[in-house]
Amino acid sequence: MDIFIWFSELRDTIEEWVDRFFQNPGERIKSISRWNLLVMTPAGLVGGIIWGILLEEAWLAILLGFCGLLVGIIFGWASSIMLYAFGEIVDNVVKTRNNLYLIRETLNKQCVQKSTESNQKEDSYQAPEYKTPWRFAD
């Protein structure tokens, strides 16, 4: 019987972990973009240096090493910017969805209030006659 309790607790723990894993996806994406920048920039630096060392001609090694360095840093920065922007979009969509939910709930409450108020009143409304400014030919 204890094994069933253990499996039940394990399932609950996994469900809590999965729920936490999918909370705040925009913030998680932005955090990944920061780490991407911190990893890609030094990787571009190291890659440029290694590329420069492996070449035999000195001027070509310096030139290609410097180009590798610039490309690595620019690629790391650009990919981090795009990833951060996507995280910002996800954050804004989540906030918009939550705000729209609140607006919908508020409007639903107001509509229910107005419909109950109008049902309580006596239905004495009569539509006015509509008169056209012209006459149709008989």
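Before reading on, note that the structure itself is shown above.
Residues numbered from 1 in each chain as written. Predicted model: local features only at pLDDT ≥ 70, side-chain atom pairs only at ≥ 80, totals over all residues. Heavy atoms only, no water.

> Residues and numbers for the pattern of salt bridges, please.
Scanning all chains against the criterion turns up four salt bridges. Close ionic contact of E27 with K30 constitutes a salt bridge, the shortest N to O distance being 3.3 Å. With E27 and K30 both in helix α2 (residues 25-54) and three residues apart, the pair spans about one turn of that helix. For K30, a relative accessible area of 6% gives the class buried. Among the salt bridges present, the one from E105 reaches R104, with a minimum N-O distance of 3.6 Å. Judged by its relative accessible area of 47%, R104 falls in the partly exposed class. (Salt bridge = Lys/Arg side-chain N within 4 Å of Asp/Glu carboxyl O. Helix = DSSP H or I, 4+ residues; strand = E, 2+ residues; numbered from the N terminus. Buried < 20%, exposed > 50% of the residue type's maximum accessible area, 1.4 Å probe, protein only.)

> Break down the side chain of S79 for me, with residues and values.
You can see S79 is positioned in helix α3 (residues 58-120). A polar contact of 3.1 Å, which involves the side chain of S79, links it to the backbone oxygen of G76. (Polar contact = N/O pair within 3.5 Å; in protein donor to acceptor, adjacent residues only side chain to side chain.)

> Mind laying out the environment of P42, listing which residues take part and the relevant values?
Within the secondary structure, P42 sits in helix α2. Sequence separation between P42 and L69 is 27 residues, and the spatial gap between their C-alpha atoms is 9.1 Å.

> Lay out the environment of S31 with the relevant residues and their values.
As for its placement among the helices and strands, S31 is situated in helix α2. The class of S31 is partly exposed, set by a relative accessible area of 29%. A sequence separation of 53 residues divides S31 from Y84, and the C-alpha atoms of the two residues are 8.0 Å apart.

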